[in-house]
Amino acid sequence: MSLSIQQLLENKGITPKPEHLELLKTRWEGIQSLRSHLEGIAIDDADIAVRSIPGGDHLDN
Amino acid sequence: MMRISLCEAFLEVIILTTDLHLKSVEELAPLLESKTLSPVELTKAILDFAEESQPKINAYMAFYREEALAQSKKIENEILQGQYKGMYHGIPMALKDNLYFKDKITTMSSKIHKDFVSDYDATVVEKLRDAGVIFTGKLSMHEYAWGITNNNPHYGPVRNPWDLDKIPGGSSGGSGAAVAAGASVASLGTDTAGSIRIPSSACGIVGLKPTHGRVSKYGCYPLAWSLDHIGPMTKTVKDAAGLLEVISGFDHRDPTCIDVPTDNYVQQLSGNIKDLVIGINEEYFFKDVDADIEKAVRASIQSLVDQGAKVEVVRLPSLQYAEWAELVTSLSEAAAIHHSDLQKRPQDFGDDIRLLFELGELPSAVDYLQAQQVRRQIKQEFTEIFTQIDVLITPTLPVVASTIGDDFAELNGKKVDLIDNIIRFTGPSNLTGLPALSVPCGFKGNLPIGLQIIGPAFKEGRILNVGYALEQTNPLKNRKPNIFANI
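Model, not experiment: these values are computed from the prediction. (Residues numbered from 1 in each chain as written. Chains lettered and ligands numbered in written order. Predicted model: local features only at pLDDT ≥ 70, side-chain atom pairs only at ≥ 80, totals over all residues.)

### As for the overall build of chain A
As a reminder of what qualifies: Starting at the N terminus, helices and strands are each numbered in turn, a helix being any DSSP run of H or I of at least four residues and a strand any DSSP run of E of at least two. A radius of gyration in this sense is built from C-alpha atoms; the matching globule rule multiplies 2.2 Å by the number of residues raised to 0.38. Around each residue's C-beta, the other C-beta atoms within 10 Å are counted; 20 or more make the residue buried, 12 or fewer make it exposed, and counts in between make it partly exposed. All C-beta atoms are placed from the backbone.
For chain A, the count of helices and strands is 2 helices and 0 strands. Rg of the C-alpha trace for chain A: 19 Å, well past the compact-globule value of 10 Å for 61 residues, more than 25% over. Within chain A, the fraction of its 61 residues that count as buried is 7%.

Printed below as a string of structure tokens:
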């Protein structure tokens, strides 16, 4: 099942401007084409390197 | 003999204190320190020019005339009493309107936040106050910093001082236009995909995006947390170095701030670049570039070679996914910040940013996380190339400033999408967090061209010194815009 952009947004409680629907579709397709299949880049096991620092925001020395 | 030298001295003072709005901080600071120029006189001159230029360029959101003049009196007394603090003591400045001032309205140039009053100063504001900066007001920006035209639906377009029909770039377009025209001696901008460097390039000034974590973002309204930076926008490289000294440093209130020592950046401006290794990446940073921009940037690189630098060609294959990773990251983070308002009051956003917030609801969690994986790969490639080279030089933008209202740019005779193209060369440094400096390097007709210098993490001193070397040999460095030329 594939949802339209309008349905997807409405499921999140967002009412897109009707004039934006076509533009959203074009823009989203454009972004997807930039992504392509992520060929030629080794990301399979790449750690995203987000750190959860216990005890606060910074490592205190 | 005595009479002549007194006359000469008098004339010199007149010359030094004429057209104050066109002077840089490095020119004004010695006049303030030596008490040749009063901060009151300077503040008044800047405010007068800023108010006079407002109908032309629309750079200001708010003027703080009375407070600025009162503050300048206080600072005059400090300097007269021998308490001169340094380069920015007594310098009038206006800041981008997403930096919080205690008990003042900060609008983000939006309708939704038009009455928002912060009960604290942003860290950078606090630091500038301590350094003796006099605040003349707040500057316009693209709404919520989410765009590059500064064509603001609520407060009107900001205009490029070099050509009033053109955009100043954005999102810090008010800062770019104000500094270029002389309505603020220097300023700060914020940069998530290029928002310091884009208007700096388009308006012919210097813009520095420091390393992520170098400058505290506490008290800056976010656009996308992991990509946002605050940095100087100035008339000269030395002004930027001095301003970075004032605003940098660890701040525990910003979770992304990094506790590394700051430097004396002004002292590092020797202009000596002998044996510097410049990296050039042809596949990404010189692909689809306006021919005149490419020519100006390559000529500037040659001038550095003439001064003793060397050039090495480097490859950065992961950059082919940089635009995707930048878009997915920025769209998603911005949409998360504005999610609730997008549900409850979408009509209060400008049309262009409403579209971007709607778009930001579309990437999946997997898209976002894969974008972060790509980001890490790009960071690693940059780390590797900086073992072979000292700096990477690129054009700041592939195009010059476009016409206000157009959603396209002209690129070698073709119409191309404006936003996608304008962030193409600046966005990667937001993904990597590496420092990047834009310096003027030429003109296409009457429109400025910028060159970007990217360096390793926390090596702002190095990229500033390369910018300084370029600035010293730029034959066009004294060219100024004249916004009243056609009256």
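After presenting the structure, the write-up continues.
### Section: the nonpolar core
All names here are of chain B. What counts is decided by this rule: Each nonpolar core consists of buried Ala, Val, Leu, Ile, Met, Phe, Trp, Tyr and Cys residues. Their C-beta atoms, within 7 Å, join them into a set. Throughout, a residue-residue contact means that the two C-beta atoms, derived from backbone geometry, are no farther apart than 7 Å.
Ranked by size, the top nonpolar core spans 147 residues in total, and within it Ile91, Val124, Val391, Ile453 and Leu464 carry the most contacts. Per-element accounting of this core gives the leading share, 9 residues, to helix H11 (residues 322-344). Ignoring any residue separated from it by four or fewer positions in sequence, one finds Val124 in contact with Leu99, Leu188, Val215, Ser216, Ile230 and Ile247.

### Focus: the sheet that holds strand S1 (residues 60-63) of chain B
Strands in a sheet are paired, the pairing made by backbone hydrogen bonds, and the direction either parallel or antiparallel. All names here are of chain B. Put simply, the test is: When DSSP finds at least two bridges between two strands, those strands are taken to pair. Angular values range over 0 to 180 degrees, each being the angle between N-to-C directions of two axes fitted as lines to C-alpha atoms, with helices fitted over their stretch in contact.
Strands sit in the order S1-S3-S2 across an open sheet of 3 strands; the sheet is mixed. If you trace the sheet from one side to the other, it starts and ends with S1 and strand S2 (92-96), each paired once. Shown here is a sheet whose adjacent strand axes are inclined to one another by a mean of 35°, direction ignored. Sheet analysis places S1 next to strand S3 (residues 134-139), joined by 3 bridges and oriented antiparallel. Directly across from Phe63, in S3, lies its bridge partner Gly137. Here helix H4 (residues 65-80) sits on the sheet in contact with S1, S2 and S3, set at roughly 155° to S3.

### Some remarks on the pairing of strand S6 (residues 187-191) of chain B
The buried fraction of S6(B) is high, at 5 of 5 residues. Burial of the side chains of S6(B) extends over both faces: Ser187(B), Gly189(B) and Asp191(B) are buried on one face and Leu188(B) and Thr190(B) on the other.

### Comments concerning the sheet that holds strand S9 (residues 277-280) of chain B
All names here are of chain B. Ordered in space as S6-S8-S7-S14-S15-S11-S9-S10, the 8 strands form an open sheet in which the pairing is mixed. Each edge of the open sheet is held by one strand with a lone partner, namely S6 and strand S10 (310-313). Across the sheet, the mean angle separating the axes of adjacent strands is 30° when strand polarity is ignored. Bridge analysis of strand S14 (residues 436-444) against strand S15 (residues 447-454) gives 8 bridges, and the strand direction is antiparallel. Bridge assignment links Pro440 to a residue of S15, and that residue is Gly450. Of the strands in this sheet, S9, S10, strand S11 (391-395), S14 and S15 touch helix H10 (residues 291-306), which is tilted by about 115° from S14.

### Focus on the interface of chain B and chain A
Note the following rule: Note that Gly is not counted as nonpolar here; it falls among the polar residues with everything else outside the nonpolar set of Ala, Val, Leu, Ile, Met, Phe, Trp, Tyr, Cys and Pro and the charged set of Asp, Glu, Lys and Arg.
Facing 26 residues of chain B, the contacting portion of chain A comprises 28 residues. Among the secondary structure elements, those contributing two or more residues to the side of chain B that touches chain A are H11, helix H12 (351-359) and helix H13 (365-385) of chain B. Take the side of chain B that touches chain A: its biggest share by element is 7 residues, from H13(B). Taken together, the residues of the side of chain B that touches chain A break down into 13 nonpolar, 7 polar and 6 charged.

### Details of helix H6 (residues 173-181) of chain B
Most of H6(B) sits inside the fold, with 9 of its 9 residues counted as buried. A positive phi of about 110° marks Gly182(B), the residue just after H6(B).

### What about helix H16 (residues 460-473) of chain B?
Residue and element names in this part refer to chain B. Threshold: In a helix, the anticipated span is given by 1.5 Å times the number of residues less one.
With 14 residues, H16 extends 20 Å from end C-alpha to end C-alpha; this agrees with the ideal 20 Å at 1.5 Å per step. For H16, the tally of buried residues reaches 10 of 14 residues, placing the bulk of the element in the interior. Where H16 is concerned, the buried positions are Glu460, Arg462, Ile463, Leu464, Asn465, Val466, Gly467, Tyr468, Ala469 and Leu470. The inward-facing, buried residues of H16 contact strand S7 (206-209), helix H8 (237-247), H10, S11, S14 and S15.

### Thoughts on the environment of Ala365(B)
With respect to the helices, strands and loops of the structure, Ala365(B) is situated in helix H13. Considered as a pair, Ala365(B) and Val416(B) are 51 residues apart in the sequence and their alpha carbons are 30 Å apart.

### Points about unusual backbone geometry
All names here are of chain B. Here the residue pair Gly170 and Ser171 is connected by a cis peptide bond, since its omega of 10° sits within 30 degrees of zero. The phi angle at Asp288 is positive, at roughly 55°, despite the residue not being glycine. Structurally, Asp288 can be placed in the loop between helix H9 (282-285) and H10.

### Quick word on the environment of Phe386(B)
Residues and elements named next belong to chain B. Looking at the secondary structure, you find Phe386 in the loop between H13 and S11. For Phe386, a count of 20 C-beta atoms within 10 Å gives the class buried. As a C-alpha pair, Phe386 and Val277 span 109 residues in sequence and 9.7 Å in three-dimensional space.

### Quick look at the packing of helix H2 (residues 20-35) of chain A against H11(B)
Relative placement of two packed helices is described by the angle separating their axes and the distance separating the axes. Going by this rule: Roughly parallel covers angles under 35 degrees, roughly antiparallel covers those over 145, roughly perpendicular covers 65 to 115, and oblique covers all other angles. The handedness criterion is simple: a crossing whose near helix is rotated anticlockwise from the far helix by less than a right angle is left-handed, and one whose near helix is rotated clockwise is right-handed.
One way to put it is that H2(A) packs onto H11(B) with a least axis distance of 8 Å and a crossing angle of 135°. Between H2(A) and H11(B), the interaxial angle falls into the category oblique. Between H2(A) and H11(B) the crossing geometry is left-handed. Of the residues in H11(B), those in contact with Ile31(A), Leu34(A) and Arg35(A) of H2(A) are Glu323(B), Trp324(B), Leu327(B) and Val328(B). Its residues placed into classes, the contact of H2(A) with H11(B) shows 5 nonpolar, no polar and 2 charged.

### Examining the pairing of S9(B)
Examined bridge by bridge, S9(B) and S10(B) share 4 bridges and lie parallel to one another. Bridge pairing in S10(B) links Gly279(B) to Glu312(B).

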